[in-house]
Structure formats: C-alpha cells, structure tokens
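This is what each chain is made of:
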Amino acid sequence: MIKYDLKCGISHSFEGWFSNSSDFEDQVKEGLVSCPICGDLNIERAIVAPAIKKSALKKDLKKRNVPNLNELELKTKIRSLTREIEKQTVDVGDNFAEEATMIYNGKKKSKPIRGTATKQEEKKLKKEGVPFIKLPLIKDN
Ligand SMILES: [Zn+2]
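Residues numbered from 1 in each chain as written. Predicted model: local features only at pLDDT ≥ 70, side-chain atom pairs only at ≥ 80, totals over all residues. Heavy atoms only, no water.

Trainee: Where do I start with a nonpolar patch on the surface in this structure?
Mentor: On the surface, L81, I133, L135 and L137 cluster together into a nonpolar patch covering about 370 Å² of accessible area. Note on placement: L135 falls in the segment after α5 (119-128). For L135, a relative accessible area of 40% corresponds to the partly exposed category. (Patch = residues over 30% accessible without salt bridge, like charges linked within 9 Å, V, L, I, M, F, W, Y side chains within 5 Å. Areas by Shrake-Rupley, 256 points an atom, 1.4 Å probe, with all protein chains shown as cover. Salt bridge = Lys/Arg side-chain N within 4 Å of Asp/Glu carboxyl O. Helix = DSSP H or I, 4+ residues; strand = E, 2+ residues; numbered from the N terminus. Buried < 20%, exposed > 50% of the residue type's maximum accessible area, 1.4 Å probe, protein only.)

Trainee: Would you take a moment to explain the pairing of strand β2 (residues 13-18) for this structure?
Mentor: On a regular strand, one side chain projects to one face of the sheet and the next to the other, so that they alternate. Here β2 shows a buried face lined by F14, G16 and F18 and an unburied face lined by S13, E15 and W17. The pairing of strand β1 (residues 2-7) with β2 spans six bridges and is antiparallel. Bridge pairing links D5 to E15 in β2. In this antiparallel pair of consecutive strands, β1 and β2, the connection spans five residues, and S11 shows a positive phi of 65 degrees. (Pairing = 2+ DSSP bridges.)

Trainee: Is there a simple way to think about the coordination of the zinc ion in this case?
Mentor: Ideal donor angles around a metal are set by the shape: a four-donor tetrahedron calls for 109.5 degrees, a six-donor octahedron for 90 or 180 degrees. Looking at the zinc ion, the protein donor atoms are C8 (SG), H12 (ND1), C35 (SG) and C38 (SG), and they sit 1.9 to 2.4 Å from it. Sequence spacing of the donors to the zinc ion: C-x3-H-x22-C-x2-C. With C8 in the loop between β1 and β2 and C35 in the loop between α1 (21-29) and β3 (44-48), this residue pair connects regions lying 27 residues apart in the sequence. For C8, a relative accessible area of 4% puts it in the buried group. Residue C35 is classed as buried on the basis of its relative accessible area of 3%. (Donors = N, O, S within 2.8 Å, 3.2 Å for Na, K, Ca; no water.)

Trainee: Just to check I follow, could you spell out the environment of S110 for this structure?
Mentor: Positionally, S110 belongs in the loop between α4 (96-104) and β5 (113-114). Accessibility expressed as a relative area gives 63% for S110, which makes it exposed. Separated by 10 residues in the primary sequence, S110 and A100 place their C-alpha atoms 9.1 Å from one another.

Trainee: What is the right way to look at helix α3 (residues 71-88) in this model?
Mentor: Turn by turn, an α-helix covers 3.6 residues, leaving residues three or four places apart pointing in a common direction. The end-to-end C-alpha distance of α3 is 26 Å, a good match for the 26 Å that 18 residues give at a rise of 1.5 Å each. Listed in full, the buried residues belonging to α3 are I78, T82 and I85. Relative to the axis of α3, the buried residues are bounded by an arc of 65 degrees and lie together on one face. Along α3, the residues that are exposed and aim more than 90 degrees away from the buried face are L72, K77, K87 and Q88. The secondary structure elements touched by the buried residues of α3 are β5. (Expected span 1.5 Å × (residues − 1). Arc of directions from axis to C-beta. Contact = heavy atoms within 4.5 Å.)

Here you go:
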C-alpha cells in the first residue's frame, strides 16, 4: 500500500491509500476518488509520501480501525445483492434521473427502478429531494 497526498481542483488536501501508482491512476480515471470536502473528482497527487515500513502501516491501520475485509468475500456478497436488486427493480439505464424525477413528481406510475446517473444528475436529484441510494453493484460475468 502507498499513501498519496492528494489535492482536488480547488486545493483541498487529503490522503488516499492505493496498492500502487497504477491503482491510483485507474481509480482517478474511473472517478472513484473524490475530494472528501467538496466531492470534486479532479484529483491529483500533491507530494509523494515517503515509503512506510510494513509494521508502521499495520499499526496505523489498527489505529484507524480499518476492518480487514476479505475482498473475495465482499465481492461475492455484493454480487448476490446485485442479483437481488436486479430481480426486484426495472433497469432504466442512464435514464435513471429522468425516470426517478417523473415518478417522484407523480408523472409516472411508481415502481422500483435502477440505473445510472452522472454526477450532475445526482446533484440535481438531491436538490429536488428525489430519494435514491447509491450501490456498488458487481455483475456476474
Ligand atoms: Zn475539494
């Protein structure tokens, strides 16, 4: 694990842990790293932290009380949750924000839907008070 000092587009600084530098780049590309202060996705590395000894890292993790999750187990759980959600909802794809707003405003019959939304759409939904939850779904393949 490597610790990176990161900053967002308007210079909030925060820390992130990554397994290596390409992991960091991938996560930024996929929009998985956001500023904890303003939610900005425009993240870049500030200064590289010095290498940290394994023992120090372990102690640090313990101090932060980071649960030691088994990644495979977690993925399996998310997969079965994904299947459950797929059974009970209608996939509206990237029309999610539009559909959710219409249902919320009573312009469409109420039904459980799932789909994707952009950051902008998400902000709009929040502003209008349309209820939704975000889940990290993993598909079987
Ligand atoms: Zn920020």
